[in-house]
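Each chain, written out:
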Amino acid sequence: MSEPHIPTRESEKNIFDESMEVFHTAADLIGLAPRIRLELEQPDYEHIFYVTTRIDDRLVPVQDTAPEAAAFADLPASTPERAGLVPLASGKLILRPEALRSGALLVRDRMVRLAGKGLHRIEPGGYVRLKGYRVQHNQARGPYKGGLRFHKAVSLDLFNALAAEMTWKTAIADVPFGGAKGGLRMDPREYSRDELENISLRFMYRLKPLIGPNIDIPAPDVGTNGDVMAWLLRQYTDGERERHDLRSVVTGKDVRIGGSEGRVKATGRGLAFCIEEWFKDRGESVAGNRFIVQGFGNVGSVAAELLVAMGAKCVAVQDADGTVYDPNGIDVAKLAAHVDRPDNLRRSVVGYTEAQAIGLRDFWDVDAEICVPAALGDAIRSDTAERLKCKLVAEGANRPTSPEADAVLARRNIAVIPDIIGNAGGVTASYYEWIQNKRMEHWSEAEVNTRLERAIKGNYHLIQDIAKNRPRRTEGHDSRGFVVGREVPVRVAAMVLALKRIEAHYMLEGFSQ
Ligand code: NAD
């Protein structure tokens, strides 16, 4: 299978500087005090550390036509116990020690022929070192908060940008947190579940001195999930006398171990609420509109499911490995079942036969009213922005639109729901999880969803009012203290809301010396 593509960046600038452009625009607009600007312009702390772990041997497929294969043409096939071999999404197999001990494996010069699978070379395991990061951007409003990303394309620059985005997002969501982000440079699909557990435990071993339930609270992001959060929780709390009091150190946990009902779907749900409001503001309904979604992980798949439940039609889905398309509508539930199949190791939409496979770049040409980027940053560049047929880009991913593309969207009159409100549902529900852990409570899913809806829609309308220079007070929100006296782009409006809320803390509390 081919390597998943990673979007290339459009600009020469580093990611952090680029991501701060909207900050500077909004800061100028509201006349942000110079010292507050200095505080926010750079992260509070940039932590870089290393995580070592042991990995098992791998079996790497060798083509029969490869020069090294000739000497092994007579190597008889082996049939090891299935449990001794763990398939990886990369096509390699993990060779567990029990497979060697079973004696069922005929090895010659590190080569083995597996029945039905062909010749393989043993790649010896051993110890590896991975680079870890945690950037803590700002904590004026509360403990640092932000996800952990396990991905091969991460860097300090990227985490600086994503941590700052969390500062803006927690302020926009009006939850009492600051901003942070971190993770590991690695491809989780290259490791077995056991190895991932060990890596996560060791990662927390290094991270523990830097975080805490009232200091910095990680959550899942790309490449991490509730399983990883459970391992992190165990490593953090094991052996602590008051360990149950520490459960709020990570959010995004499984509901059975202190996670919140509704958290898993909260980011996609928040995005769907914003899209619903966008149409409602225009006197229209989401129902009957078509959408395309890039990324079919946590955010993309849930947003798709909920948009379909609202009556919209999903016409194309793209993930890291491929794109599927059906102008008559993709059955999102069936596609999710395909992705979740145990033998679908890459958890990919590729191979879904009930829709047509199309090329990577053709995705952006698909006719639809809504485009939902819910994968990685820099997905929409100026060339793709020129081609989009939609009238609304609803950002589920973090920073999916390059500034150049943003300008193209504005020129083409394509509306945007910016990421810092579009995907704020996740951190909002994380806050509910954190409160429940602190109070040892368990809220129903209905309660979580009701609170989430009120919060997201209220903050969404505040941003729209700032954008349209429409000071007003309704039952759900009061924008009178936030408008800036003229209309501004919606992305700037979101930043104005964030900065005004953060500014209040500095203005009222002052600076300790
Ligand atoms: P995930 O790991 O569950 O899913 C990521 C999806 O993106 C997968 O389908 C993957 O195949 C796809 N993808 C990866 N690279 C791609 C590429 N180059 N082209 C097309 N598709 C690609 O991740 P997630 O939790 O759904 O997060 C997606 C985005 O949403 C990220 O930008 C993340 O930072 C953001 N986000 C997530 C949450 C959350 O609660 N999970 C909250 C806020 C923001």
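Right above here is the structure, for reference.
Computed from a prediction, not measured in an experiment: that's the story for all the values here.

Draft legend 1. Structural detail: the overall build of the protein chain. Tallying secondary structure elements over the protein chain gives 16 helices and 18 strands in all. Here the protein chain holds 513 residues, and 55% of them are scored as buried. Within the protein chain, counting contacts between residues at least 6 apart in sequence, those at least 24 apart form 71% of the total. Surface accessibility of the protein chain: about 22000 Å² in total, with carbon and sulfur atoms responsible for 49%. Averaging the positions of the 69 positive and the 71 negative side-chain charges in the protein chain gives two centres separated by 2 Å.

Draft legend 2. Fine view of the pattern of salt bridges. Across all of its chains, the model carries 46 salt bridges by this definition. Among the salt bridges present, the one from R58 reaches E195, with a minimum N-O distance of 2.6 Å. Remark: E195 occurs in helix α6 (residues 193-207) and R58 occurs in strand β2 (residues 57-61); sequence separation between them is 137 residues. Each member of the pair, R58 together with E195, is buried. D465 is paired through a salt bridge with R472; the nearest N and O atoms lie 2.9 Å apart. Under the relative-accessibility criterion, D465 is labelled buried at 0%. In this structure, a network of salt bridges that share partners links the residues E276, E277, K280, E453 and K457.

Draft legend 3. Looking closely at the sheet that holds strand β3 (residues 77-78). Strand order in the open sheet made by the 6 strands is β3-β6-β7-β2-β5-β4, with mixed pairing throughout. Looking at the sheet topology across the chains shown, the edges are occupied by β3 and β4 (85-87). As defined by bridge partners, β3 adjoins strand β6 (residues 111-114) across 2 bridges and the pair is classed as parallel. Along β6, the bridge assignment pairs A77 with R113.

Draft legend 4. Highlighting the sheet that holds strand β14 (residues 323-325). Taken together, the 7 strands give an open sheet; going across it, the order is β15-β14-β13-β12-β16-β17-β18, and neighbouring strands pair in mixed fashion. Strand pairing shows two members of the sheet lacking a second neighbour, β15 (356-358) and β18 (415-417), which therefore form its edges. Taken over all neighbouring pairs, the strand axes of this sheet differ in orientation by 25° on average, direction set aside. Both strand β16 (residues 370-373) and strand β17 (residues 392-394) contribute to a ladder of 2 bridges, which runs parallel. Bridging from a neighbouring strand, C371 pairs with V393 of β17.

Draft legend 5. Geometry of the packing of aromatic side chains. One pass over the structure, following the stated rule, counts 12 aromatic pairs. Both rings, one in Y431 and one in Y432, keep their centres 6.1 Å apart while their planes meet at 45°; by these two values the pair is tilted. Geometry around F177 places K145 over its ring, the cationic atom sitting 6.0 Å from the centre.

Draft legend 6. Spotlight on the side chain of T237. Looking at the secondary structure, you find T237 in helix α7 (residues 226-237). A distance of 2.8 Å separates the side chain of T237 from the backbone oxygen of L233, its partner in a polar contact. Discounting residues that sit within four places of it in the chain, T237 has contacts with R243 and L246.

Draft legend 7. Expanded view of the packing of helix α8 (residues 263-281) against helix α14 (residues 425-439). Put simply, α8 and α14 touch, their axes get as near as 7 Å, and they point 145° apart. When the axes of α8 and α14 are compared, the crossing they make is right-handed. Contacts between α8 and α14 involve R263, A266, T267 and G270 from the former and G425, G426, A429, S430 and E433 from the latter. Looking at side-chain class alone, the contact of α8 with α14 contains 2 nonpolar, 5 polar and 2 charged residues.

Draft legend 8. Layout of the environment of L388. Among the structural elements, L388 can be located in the loop between α11 (382-387) and β17. The buried category is assigned to L388, whose relative accessible area is 1%. For the pair L388 and A26, spaced 362 residues apart in sequence, the C-alpha separation works out to 27 Å. Non-local contacts of L388, meaning those with residues more than four positions away in its chain, are made with I292, W364, C371, I380, V393, L409, R412 and I414.

Draft legend 9. Inspection of the nonpolar core at higher detail. Counting residues in each nonpolar core, the largest one holds 94 residues, and the members touching the most others are W168, I275, V317, I417 and L499. Not counting residues within four places of it along the chain, the set of residues in contact with I417 comprises C274, I275, W278, L392, V393, A394, E395, G422 and Y460.

Draft legend 10. Region of interest: the pairing of β6. Of the two faces of β6, the one holding M111 and R113 and the one holding V112 and L114 are both buried throughout. For β6 and strand β7 (residues 118-123), the ladder comprises 4 bridges, and the chain directions are antiparallel. From the neighbouring strand, V112 faces β7, where its bridge partner is H120.

Parameters and conventions
- Residues numbered from 1 in each chain as written.
- Predicted model: local features only at pLDDT ≥ 70, side-chain atom pairs only at ≥ 80, totals over all residues.
- Heavy atoms only, no water.
- Helix = DSSP H or I, 4+ residues; strand = E, 2+ residues; numbered from the N terminus.
- Buried < 20%, exposed > 50% of the residue type's maximum accessible area, 1.4 Å probe, protein only.
- Contact = heavy atoms within 4.5 Å.
- Areas by Shrake-Rupley, 256 points an atom, 1.4 Å probe, with all protein chains shown as cover.
- Lys, Arg positive; Asp, Glu negative; His and termini not counted.
- Charge placed at Lys NZ, Arg CZ, Asp CG, Glu CD.
- Salt bridge = Lys/Arg side-chain N within 4 Å of Asp/Glu carboxyl O.
- Pairing = 2+ DSSP bridges.
- Axes fitted to C-alpha atoms, helices over the stretch in contact; angles between N-to-C directions.
- Phe/Tyr/Trp six-rings, centres within 6.5 Å; stacked < 30°, edge-to-face > 60°.
- Lys NZ or Arg CZ within 6 Å of the ring centre and 35° of its normal.
- Polar contact = N/O pair within 3.5 Å; in protein donor to acceptor, adjacent residues only side chain to side chain.
- Left-handed = near helix turned anticlockwise from the far one by under 90°.
- Nonpolar A, V, L, I, M, F, W, Y, C, P; charged D, E, K, R; others polar.
- Core = buried A, V, L, I, M, F, W, Y, C linked by side-chain atoms within 4.5 Å.

Take it as geometry only, folks, not as evidence of what the structure does.
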